[in-house]
Amino acid sequence: REPLVRKTSSSYRTFPESIISKRLDSAYLRSLNNKRLYLAAFAAVLGNFNFGFALVYPSPVIPALEAHPNPALRLDQHTASWFGSVFPLGAAAMVLNDRLGRKLSIMFSALPSAVGYALMAGAQGVGMLLLGRVLTGYAGGITSASIPVYISEISHPGVRGMLGACPQIMAVLGSLILYALGNAALAGLVLDWRWLAVAGEVPVLTMIVLLCFMPNSPRFLLSQGKEDKALGSLCWLRGKDTAYAQEYEQIKDSVRKQSRRVTCAEIKDPFMYKPILIAVGMRFLQQLSGVTCVLVYLQSIFKKTAVILKPEYDAALVGLVRLLSVVIAAVSMDKAGRKILLFVSAGVMLVSNLTMGLYIHFMPASQNSTIANKTLPAEPTNYITLIPLLATMFFIMGYAMGWGPITWLLMSEILPLKARGVASGLCVVVSWLTAFTLTQSFLRVVEAFGLEVPFLFFTIICAGNILFTGCCVPETKGRSLEQIEAFFRTGRRSFMR
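Residues numbered from 1 in each chain as written. Predicted model: local features only at pLDDT ≥ 70, side-chain atom pairs only at ≥ 80, totals over all residues. Heavy atoms only, no water.

Looking up the protein chain in an unreviewed UniProt entry gives the name Solute carrier family 2, facilitated glucose transporter member 6, with the organism given as Mesitornis unicolor. Listed in UniProt under the heading Subcellular location (unreviewed entry), the comment for the protein chain reads: "Lysosome membrane". Per UniProt, the protein chain carries the Function (unreviewed entry) text "Probable sugar transporter that acts as a regulator of glycolysis in macrophages. Does not transport glucose." (UniProt positions renumbered as here; feature names shortened; annotations may be inferred.)

Next up, the structure:
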């Protein structure tokens, strides 16, 4: 093998000079016409918009159904816990990514999503609501595994960081739209919880129409032996008048080296298991930091902590902060780098969770209101009750600037091509099973031990996130997928230091 380091140097480099010299020419990257690439990315990330919309659907709906006059639809604490947590069971979608391809997997997600929304819109009982949540969660599992990989494979190094943050941006935007429409419903305006489900059909139908006109990933087409279609796909994405031949040859060479499916023996190769373990570990820690619990039970948490504003308005405000933060991350990701944003993100989340836990512990007055049943005072007299709102806003801000979008991006960047479909599905399984376990147990832990216990646990996890980033995560800013694969293939262990 060609050595990574030709001469001794005291400076740390994740990637060697021999690989850096093979980067795509910067003049070529500047010459590309990215309009069609952006269109293809937009069509795909509509699936993430739908994912964000469906994920936080219980936040405004649970309070409405807890007070529903129809006993068949009324939620108690047990059914509310299941309604909030059953969505992550969509992790079973991992099997589709390699079998159907990235694009067709995303398009397939429209079917269970549309059926799930229809069931919730016409629900006559809790069973229909839960089944609708399972189906929309299944669709979310498909898009979680497929969209980041699709965007990573159609992008070039010049824009991959920005486009890699788009799935998270659209998921946040979907959540924000849901909060806004949910507030309108609570205010007695246009939408109630049934029409919220109907509104979820709009991005699903738009996505499937647009994707009919988008190309599949050149890397996936080459892995299927469809060279002419792969060349046509890259030509469509980069523009006819650009010199895309060099990039095509690099992709083709990378795919040729990994044309066979991964075997059990190959999993033992550090080139395979190291990036997979890093990606799985990041997804596991991402969910253990508590973000899904906070998003799903946001209004309930604000009711419990008795903040100044109404809980539904607090939820919408947090959603807006989340959107602004992930946009900042998208702009800075290719400039500041992935690792520095991960460090900052985990640090902000740690301080925010610690503040929330200590506030709840030392402010017994905030325990006067229950999650669902008691009425809060109309005008709190102490502005210290803004602390839960500010802590939650900073937690979501920290998450959205790093451990939200970058976890998805790195998953699609570092996984080896021949295992990318299955490995990304594995990441989604681990992520959603962790999210399911946390959201299912969250209300029970709060009931048994108090609201501060989950937040103090999340604080410890965020400290672990900082250590994991420093010890295990490589910097991939400005590197092509082929360079990243070459880096892991060498077996160099210095990035673990």
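That shown, we press on.
Turning to the packing of aromatic side chains, a few remarks are in order. Tallied over the entire structure, the rule returns 9 aromatic pairs. On the basis of an interplanar angle of 50° and a centroid distance of 6.0 Å, the ring pair of Phe51 and Phe87 is categorised as tilted. In this pair, Phe51 sits in helix α3 (residues 35–55) while Phe87 sits in the loop between α5 (77–85) and α6 (96–100), placing the two residues 36 residues apart along the sequence. Overall, Phe87 belongs to the buried group, its relative accessible area being 1%. Taken together, the ring pairs in this structure connect Phe51, Phe87 and Trp432 into an aromatic cluster. (Phe/Tyr/Trp six-rings, centres within 6.5 Å; stacked < 30°, edge-to-face > 60°. Helix = DSSP H or I, 4+ residues; strand = E, 2+ residues; numbered from the N terminus. Buried < 20%, exposed > 50% of the residue type's maximum accessible area, 1.4 Å probe, protein only.)

On to the environment of Leu221, then. If you trace the backbone, Leu221 turns up in helix α13 (residues 218–223). Along the chain, Leu221 and Val255 lie 34 residues apart, while their C-alpha atoms are 9.8 Å from each other. Ignoring anything within four residues of it in the chain, the contact list for Leu221 reads Asn216, Lys226, Lys229, Ala230 and Ser233. (Contact = heavy atoms within 4.5 Å.)

This paragraph deals with empty space enclosed by the protein. Here the structure, examined in full by the defined rule, presents 5 cavities of 30 Å³ or more. In terms of lining, the largest cavity is formed by 17 residues, of which the most central are Phe51, Gln168, Gln287, Tyr399 and Trp408. Elements that contribute at least two residues to the lining of the largest cavity include exactly α3, α10 (160–186), α17 (270–288), α18 (291–296) and α24 (420–449). When its residues are assigned to classes, the lining of the largest cavity shows 9 nonpolar, 6 polar and 2 charged. Each of domain 1 (33–214) and domain 2 (260–364 + 382–496) gives at least three residues to the lining of the largest cavity. (1 Å grid on protein atoms, 1.4 Å probe; cavity = no way out; pocket = protein on both sides within 12 Å on 5 of 7 lines; lining within 4 Å. Points joined across faces, edges and corners; volume = space filled by probe spheres on them. Nonpolar A, V, L, I, M, F, W, Y, C, P; charged D, E, K, R; others polar. Domains from an automatic or database assignment.)

This part covers the nonpolar core. Tyr57, Trp403 and Phe442 are the most contacted members of the largest nonpolar core, which has 113 residues in total. Per-element tally for this core: the top contributor is α3, with 12 residues. Contacts of Trp403, omitting those with residues within four sequence positions, involve Met282, Leu285, Gln286, Leu342, Ser345, Ala346, Met349, Gly398, Asn465, Phe468 and Thr469. Judged by nonpolar contacts, the second largest core, of 9 residues, contains Leu222, Ala230, Tyr244 and Tyr248. (Core = buried A, V, L, I, M, F, W, Y, C linked by side-chain atoms within 4.5 Å.)

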